[in-house]
Amino acid sequence: MAQAGRFSQLRVWLIVLALLVAPLAGATTPAPDWAALTPEQRVILAPLEKEWPAMGPTRRTKWIGIAARFPDMTPNERDRITRRMESWAQLTPEERKKARDQYKRLQKLPSDQRPALRQQWDAYKNLPDDEKDKLRSRTPRTKPSMGGAIPQEWLIPPYLRPYRAQLRPPPPPPVEPAPEPAPLLPEALYPRY
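Residues numbered from 1 in each chain as written. Predicted model: local features only at pLDDT ≥ 70, side-chain atom pairs only at ≥ 80, totals over all residues. Heavy atoms only, no water.

S.K.: Sorry if this is basic, but what is going on with the side chain of Glu51 here?
M.R.: Here Glu51 lies in the loop between α2 (39-44) and α3 (57-69). Reaching out from Glu51, the side chain makes a polar contact with the side chain of Arg59 at a distance of 2.7 Å. Separated by 3.1 Å, the side chains of Glu51 and Arg96 make a polar contact. Other than its neighbours up to four places away in sequence, Glu51 contacts Arg59, Trp88, Ala89 and Arg96. (Helix = DSSP H or I, 4+ residues; strand = E, 2+ residues; numbered from the N terminus. Polar contact = N/O pair within 3.5 Å; in protein donor to acceptor, adjacent residues only side chain to side chain. Contact = heavy atoms within 4.5 Å.)

S.K.: Explain the layout of surface pockets to me, please; I cannot follow it from the model alone.
M.R.: Rolled over the atoms, a probe sized like a water molecule indicates the empty space that remains. One number sums up the size of the largest pocket: a volume of about 2200 Å³. Along its surface, the largest pocket is lined by 35 residues, and Ala99, Gln102, Tyr103, Leu106 and Trp121 are the ones closest to its centre. Within the residue set of the lining of the largest pocket, elements represented by two or more residues are α3, α4 (75-90), α5 (93-108), α6 (114-125) and α7 (129-137). The greatest single-element share of the lining of the largest pocket, amounting to ten residues, is contributed by α5. For the lining of the largest pocket, a count of residues per class yields 15 nonpolar, six polar and 14 charged. (1 Å grid on protein atoms, 1.4 Å probe; cavity = no way out; pocket = protein on both sides within 12 Å on 5 of 7 lines; lining within 4 Å. Points joined across faces, edges and corners; volume = space filled by probe spheres on them. Nonpolar A, V, L, I, M, F, W, Y, C, P; charged D, E, K, R; others polar.)

S.K.: Would you mind going over the nonpolar core with me for this structure?
M.R.: Among soluble globular proteins, nonpolar side chains are generally buried collectively. Among the nonpolar cores identified, the biggest contains 15 residues, and Leu37, Leu45, Leu48, Trp52, Trp63, Ile81 and Met85 are the most heavily contacted of them. Counting only elements with at least two residues in this core, the list comes to α3 and α4. By residue number, the principal contributor to this core is α3, which donates four residues. Among residues more than four places away in sequence, those in contact with Leu37 are Pro32, Arg42, Leu45, Trp52 and Ile64. (Core = buried A, V, L, I, M, F, W, Y, C linked by side-chain atoms within 4.5 Å. Buried < 20%, exposed > 50% of the residue type's maximum accessible area, 1.4 Å probe, protein only.)

S.K.: Can you walk me through the packing of α4 against α5 in this structure?
M.R.: Helix-helix packing is described using two parameters, namely the angle between the two axes and the distance between the axes. Running from amino to carboxyl end, α4 crosses α5 at an angle of 125 degrees, the nearest separation of the two axes being 8 Å. When the axis of α4 is compared with that of α5, the two are oblique. Residues Trp88, Ala89 and Gln90 of α4 lie in contact with α5, whose contacting residues are Glu95, Arg96, Ala99 and Arg100. Grouping the constituent residues of the contact of α4 with α5 by class yields three nonpolar, one polar and three charged. (Axes fitted to C-alpha atoms, helices over the stretch in contact; angles between N-to-C directions. Parallel < 35°, antiparallel > 145°, perpendicular 65-115°, else oblique.)

S.K.: Looking at this model, I keep getting lost on the packing of aromatic side chains. Mind explaining?
M.R.: Aromatic rings considered in pairs are described by the distance between their centres and by the relative angle of their planes. All told, the structure shown has two aromatic pairs when counted by the stated rule. Between Trp34 and Trp52, the aromatic rings sit 5.6 Å apart at their centres with planes inclined by 70 degrees, giving edge-to-face as the arrangement. A residue pair is termed long-range when its members are at least 10 positions apart, and Trp34 in the loop between α1 (2-27) and α2 and Trp52 in the loop between α2 and α3 qualify at 18 residues. A relative accessible area of 16% means that Trp34 is categorised as buried. A relative accessible area of 1% means that Trp52 is categorised as buried. Taking 5.4 Å as the distance between ring centres and 25 degrees as the angle between the ring planes, the aromatic pair formed by Trp121 and Tyr124 counts as stacked. With Trp121 and Tyr124 both in helix α6 and three residues apart, this pair spans about one turn of that helix. Looking at Trp121, the relative accessible area reads 44%, which means it is partly exposed. Positioned over the ring face of Tyr124 is Lys132, at 5.6 Å from the centre of the ring. (Phe/Tyr/Trp six-rings, centres within 6.5 Å; stacked < 30°, edge-to-face > 60°. Lys NZ or Arg CZ within 6 Å of the ring centre and 35° of its normal.)

Shown next as structure tokens:
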């Protein structure tokens, strides 16, 4: 009788352990190689074929999900996805990193600033190609250097800045010009004995 109770406890623990380990087992299975994709998936993801071996499992799974939704997309959406895959495949690793960083910065942008950015982007897209080239060829704006000096404002904590006029020392008195020296006489140059 006691042994039957232990056996049921052991069985419960094994079930709990199996439930805990099951999600981990699925997480370690890698996304399929290019050869393991279906013919439809290979046709849809053809622009990414050369890059596929270097992709991690997360990115492969993402693209397989896009390929699964591809037949349900409108023709315009299909064209847009295909163009994006082709342009992404042509980017260098540095350009891809730059694009990912830009995307992250845009995601952090407050939602009230996004419509203005969208309007600027639409205005840019409507420009003639020669003007776009001029804008692209501009050197990137850099922040002006302060020459290593830290502005005094930065030394005051933000919660005290409303009172900075009271904290600021009074300005130094105006400097009066030094009086002109008296003319030097030749006798003053020779020592007296």
